[in-house]
Each structure stands twice: as C-alpha cells, then as structure tokens.
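# Tertiary structure, described
Listed below, chain by chain, are the residues.
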Amino acid sequence: MPRNAMLEVKGGDITGTVRGFLEKLLEKKAVDALLVPVEVPSKKNVVQTMVTDIAQLADVSPLAPVMPVNTAKIISSVTKVAASTKKVGVILRSCELRALVEMVKLKQADMNNIVTIGIDCFGTYSVTDYAVFSQEHDTPAGEYLKKAASGTDTLLRPACKICQYPYPLTADMTIGLFGLPIEKEILVHSGTKEGDQVFEALGLDGEADPAKRDEALSALKSERQKLKEEFLAQVQQEAGGLDNMLSVLSACVACHNCRIACPICYCRECLLDSPTFVEWEAEKYLDWASRKGALRLPADSLLFHLVRMNHMGASCVACGLCEDACPNSIAVYKLFCLAGSRVQETFEYTPGRSADDELPLTAFKEEEFKGFEK
Amino acid sequence: MADDNKDFEPILVGFFCNWCTSTAADLAGTTRLQYPPNIRPIRTMCSGSVDPIYILRALLSGADGIIIGGCNPGDCHYVSGNYKARRRIAGLKTILDTLGLENDRVWLKWISAAEGQKFAVTMRDFTEKIKELGPSPFRKNWSV
Ligand code: SF4
Ligand code: SF4
Ligand code: FES
C-alpha cells in the first residue's frame, strides 16, 4: 500500500523542511548513512556527500538546481567492489534514479541496503551557471524554487526543459513538490516496503492528499511530450544527413568526456580507446588516408558517437550530462536524445521505468522485427 | 541516377556466419553459380558476434553496402545469436534512419548452409540494389 504524509514547511523554508526529514532518518536510525547533496563551503556547488553524522547535514541542499555528476555513477562506484552492509538513504533526481535502474540491470550497481529517496525536480542549471547564480543569492535553492513556481526560469538546461519524467518512477520514498503549495507543505510518499519501514521508524503517516500533485503531473506530462517532439523534429532537421551530422560534430576533439559523464556508459575499457582502435603504426594511418586521399585526426569521431548510440542508446535517460561535459559545446545531448528516443520507440522500452523490463539488447522474441530483415 | 551508376562497381562487405552463410557461399562457388564479384566476405563465428561497431566501421570507411548473413531463425548454433543480431540491426538501422545516414545500405539475411542458390540470388539482388543507390557518400568524405 502506498503511504503518504505531508511535511509542514515553516517560514517558507523548504530546504529546512527536507533537512529536518533527513535528520530524523539518521536520528531514528531508519538509515545508517545518507548520500545527499551538500553545499560546498564556497557555496559555488552542491555535491553528493556521504553523511554519517547528523551535524554534517547543516548545509544539505537537495533542492539546489545543480547535478554535477549523475548519482547513479556514484552508487555504482560505491557498491562495485562490495555491496553496502549498512543502510544508506540516497537522494536522487528522476534521471539519476532511472540511470540507476539501468545500471542495476547492467550489473553495475548493487541495491542491497540502498534506500532510494526520489525528489521531484523542476530542472537543473549547468554547473557553471549554478556557480554564478549561487553567488548572487543568499539562499540559491529558495530563489530557484520561486522561479520554478512561476515557470520563468531561463537558466534551465535544455534537457530539463523537455524532461518527460521530472518525478521519480521507482523510488522507495518520494519527496513530492509538483502541484503542492510548497511554501506551506510538501509530500512524502512511500512506494515500497523499504519506504514503509521508514514511515514506521519515523512515525509518519497522517492526512495527505496527493491528488493535486497527480493532476499537475499529468498536465506537465502532456505539455512536455509536445515540447519534446518539437525539439526532436528540429534536431532531426539540423543534424540529419551526413553533411549536417558532420557539421554538428565539427568541433569534436575526440576527448570522450561525453562518454565519461554518461551514467550508462560503463565499460572499464571502451573499445574505442582500445589498441584495436588507437594503437597502429604510422604506415596504417597512411594507408587509411590513401583510401580517401585524406584522413581527419584524431580519427573516428563520428564512429565513436554512432557506436555509443548503438551500445547505450536504448538506456539513455536523457539527463543531458554528456553535453554539459563537452569542452566545445557540441550538441551531444541533442543527438543522443534523438537517437535514443527513436531506438527506445523501436524496442518499446522506457529506460528506468522498471527493474523488471528486460534490456532490449539482451532480450528477444522469435517472431519480431521482420521488417529489419531482407 | 541509375544511368550515372552504370559503371559504378560497389564495394560490398559481408559478415557471414561460419555455420551457414559462409558455407552457402562455398556451395555457390563449388556448384558454379554466378553472382557478381563485388562482395568481400568476412567469416564470423555467429551473426550474434557482429557488433554494430564493425558494420559502422565498414560503412564509414566507404563500403557501399554491408550485409550480415546468419542462420535461419531456430537454427543458430549458439541458440539465440541470430535473434540478438536482429535486435542489434533493428537498433542500428533505426539510428541510421533517424540521422539520415544511409540505412538502406545495411542488410540482414538468413541463408542456411544448404542454400547456395539463395546466396547467389541474394548477392545479385544486393549488388543491384546498391548500384541503384549509387556510391556511398562516406566514400569520399575524409572528415568522418
Ligand atoms: S547519453 Fe547523455 S543524456 Fe543519455 S544518459 Fe548518457 S549522459 Fe545522459
Ligand atoms: S562530443 Fe565533446 S565531449 Fe564528446 S568526444 Fe567530442 S569533444 Fe569530447
Ligand atoms: S551460428 Fe549462425 S547465426 Fe548463430
């Protein structure tokens, strides 16, 4: 049974309310540690932080609009060698949680003892925009939430403006903001047994009506669907065809930062960095060059992007962090969002929707996709 | 277009499963069936071992057409390699189609070891269709 409770927001301090909730989680030993966004001393950034001491939650700032690293990647590196033996509560935005679900399916993260606390997300800024914004305001998160409510935030990253799932899909617990009078109260929702245990430990429950949130979400959803289709149509026009594609990628220096930022790309040694692709005698490069009369170097940048789309496109959660990581502002997110969306349509697959949906490239049926045969 | 391409001899790359299409190619040869010589066959252990990276590498290097030959559904020696290959091709062709990158130049075909005739006919069809498409735009493009 899903359980809901409202948390009262005192003095309009939404961050303070969430902080109070997180403090209780540690205090009542509902979890042993928290992996939560904490503001760094310079205030220029908010970074995921493993907190075991309640006092260290003083600068917790889960609503600040910045996502320097996709948290799914962090959970993967924390649990890769061995799963957690203690309960860790983790705050995740929807795209982080969806990426985590994909990583678990790809066997790159272990959810043992991980309690997911999803959070409604009005969108995030780039790390560089946030560094400026945070210096201009005493309470950056509060300032941002005011703008979010009025729908006039021009700093939002392109990926966030068309995000189809700004609400957590599979969290043990959700902190709900959409459609609610967040200056007065916010929602805590439990979606799983783990969530229920936390509700019990905290003695939560009570009167709560999430109907307004549901309404707001379905309105937002249809608006976003339209925006996304318009966006994709435009990308297809701008990038479609070899010449346009190469024009979009013209400034690519093959640094592969986009792949490093991507939560889904997990191979320890990417084939495209392997000796098969990069370790050749000069003779071989001359040979390649002589085929077309010339050879762009570093070689294979289009190949790199296309291969990556093929390998991970079905699981792309459209977080946009690839584009943020590009030193030359190449529209990598645009390309991957377009290709990923179409691949996901082909496979009727929504990455991050459920741990039970099989990964499209490992599953198969005997009768399917005949249209792709000759 | 077709007229301009009369003298165009396409470069075709075939990734052929060892257990079926490769044998069919040998059979076509030993039974002296005629088919155009454009295909450069590459033997693979299973159609399921053909990662899109190889297909893309060939395409971007300037191959005019790429064909993957595998065992008929139900006959893969590794049980499900061909079904997985079909999924990979579905993804690859979706991406190429979405980005306007010559999706029609990639073919997937099931040809069993006994089907020498089918192999020859397929190579004829394939060569003809790619001739109609003309040279790949990747052929001369050095900046990919
Ligand atoms: S490809 Fe880009 S948008 Fe997609 S999951 Fe990776 S980083 Fe996020
Ligand atoms: S798209 Fe940008 S981040 Fe990715 S390899 Fe090219 S230059 Fe590097
Ligand atoms: S063995 Fe021929 S396709 Fe798998």
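Look up: the structure comes first, before these words.
Conventions we followed
Residues numbered from 1 in each chain as written. Chains lettered and ligands numbered in written order. Predicted model: local features only at pLDDT ≥ 70, side-chain atom pairs only at ≥ 80, totals over all residues. Heavy atoms only, no water. Helix = DSSP H or I, 4+ residues; strand = E, 2+ residues; numbered from the N terminus. Rg over C-alpha atoms; globule rule 2.2 N^0.38 Å. Buried < 20%, exposed > 50% of the residue type's maximum accessible area, 1.4 Å probe, protein only. Contact = heavy atoms within 4.5 Å. Areas by Shrake-Rupley, 256 points an atom, 1.4 Å probe, with all protein chains shown as cover. Lys, Arg positive; Asp, Glu negative; His and termini not counted. Charge placed at Lys NZ, Arg CZ, Asp CG, Glu CD. Near = heavy atom within 4 Å. Nonpolar A, V, L, I, M, F, W, Y, C, P; charged D, E, K, R; others polar. Buried area = accessible area lost by both parts, 1.4 Å probe. Salt bridge = Lys/Arg side-chain N within 4 Å of Asp/Glu carboxyl O. Polar contact = N/O pair within 3.5 Å; in protein donor to acceptor, adjacent residues only side chain to side chain. Pairing = 2+ DSSP bridges. Axes fitted to C-alpha atoms, helices over the stretch in contact; angles between N-to-C directions.

## What to know about the overall build of chain A
Counting its regular elements, chain A contains 15 helices and 7 strands. Whereas a compact globule of 374 residues would reach a radius of gyration of roughly 21 Å, chain A reaches 22 Å, a difference of no more than 12%. The principal-axis extents of the C-alpha atoms in chain A amount to approximately 70 × 50 × 40 Å. Within the span of chain A, comprising 374 residues, buried residues form 53% of the whole. For chain A, contacts bridging at least 24 residues in sequence account for 74% of all contacts bridging at least 6. Summed over all atoms, the accessible surface of chain A reaches about 17300 Å², with 51% contributed by carbon and sulfur. In chain A, which carries 41 positive and 51 negative side-chain charges, the distance between the mean positions of the two groups comes to 1 Å.

## Points about the site of ligand 1
All names here are of chain A. The full set close to ligand 1 counts 14 residues, and Cys262, Cys316, Cys319, Gly320 and Cys322 are the nearest of them. If you list the elements that add at least two residues to the shell around ligand 1, you get α13 (301-312), α14 (321-325) and α15 (332-346). Here the shell around ligand 1 is built from residues that sort into 12 nonpolar, 1 polar and 1 charged.

## Comments concerning the site of ligand 2
Residue and element names in this part refer to chain A. As a structural note, the neighbourhood of ligand 2 is formed by 13 residues, with Cys252, Cys255, His256, Cys258 and Cys326 the closest of them. Of all the secondary structure elements, the ones that give two or more residues to the shell around ligand 2 are α10 (257-261) and α13. Looking at the shell around ligand 2 residue by residue, the classes come out as 10 nonpolar, 3 polar and no charged.

## As for the interface of chain A and chain B
One frequent convention defines the size of an interface as the accessible area lost when the parts assemble. Every contact between the two is made by 45 residues of chain A and, on the other side, 37 residues of chain B. Summed over both partners, the interface of chain A with chain B comes to about 4000 Å²; 65% of that surface belongs to carbon and sulfur atoms. When residues of chain A are sorted by the area they lose upon contact with chain B, Lys292(A), Phe372(A) and Lys374(A) head the list and together hold 20% of the total. Note that Arg57(B) is salt-bridged to Asp300(A), the shortest N-O span being 2.8 Å. The interface formed by chain A and chain B holds 20 residue pairs in polar contact (both at pLDDT 80 or more) in total. Of all elements in the fold, only α8 (211-239), α9 (242-248), α12 (282-292), α13 and α15 of chain A reach the threshold of two or more residues within the side of chain A that touches chain B. Of the residues contributing to the side of chain A that touches chain B, the split by class is 25 nonpolar, 7 polar and 13 charged.

## Quick look at the sheet that holds strand β5 (residues 114-119) of chain A
Residues and elements named next belong to chain A. Judged by pairing direction, the sheet is mixed, and its 7 strands sit side by side in the order β1-β7-β6-β5-β4-β2-β3 without closing on themselves. Either end of the sheet is taken by a strand with one partner, and the two such strands are β1 (3-8) and β3 (46-51). Taking the axes of each pair of neighbouring strands and ignoring which way they run, one obtains an average angle of 25 degrees across the sheet. Pairing between strand β4 (residues 88-92) and β5: 5 bridges, direction parallel. Its bridge partner being in β5, Ile91 is matched across the sheet by Ile117.

## Considerations on unusual backbone geometry
All names here are of chain A. A cis amide bond links Leu297 with the next residue in sequence, Pro298, at an omega value of -5 degrees. By the element assignment, Pro298 lies in the loop between α12 and α13. Of note in this structure, Ala254 is not a glycine but carries a positive phi near 55 degrees. As for its position among the elements, Ala254 is in the loop between α9 and α10.

## Topic: the sheet that holds strand β4 (residues 106-110) of chain B
All names here are of chain B. Ordered by their spatial adjacency, 4 strands build an open sheet running β2-β1-β3-β4, and the pairing between neighbours is parallel. Since the sheet does not close on itself, it has two edges, and those belong to β2 (39-44) and β4, each with one partner. When strand polarity is set aside, the average angle formed by the axes of neighbouring strands in this sheet is 20 degrees. Across 5 bridges, the pairing between strand β3 (residues 65-70) and β4 is parallel. Residue Ile66 lies in a different strand from β4, and its bridge partner there is Val106. Along the sheet, helix α1 (residues 21-30) contacts β1 (12-17), β2 and β3; its crossing angle with β1, the most-contacted strand, is approximately 115 degrees. Helix α2 (residues 52-61) contacts β1, β3 and β4 of the sheet and is inclined by roughly 155 degrees relative to β3.

On their own, these measurements won't tell you what the molecule is for.
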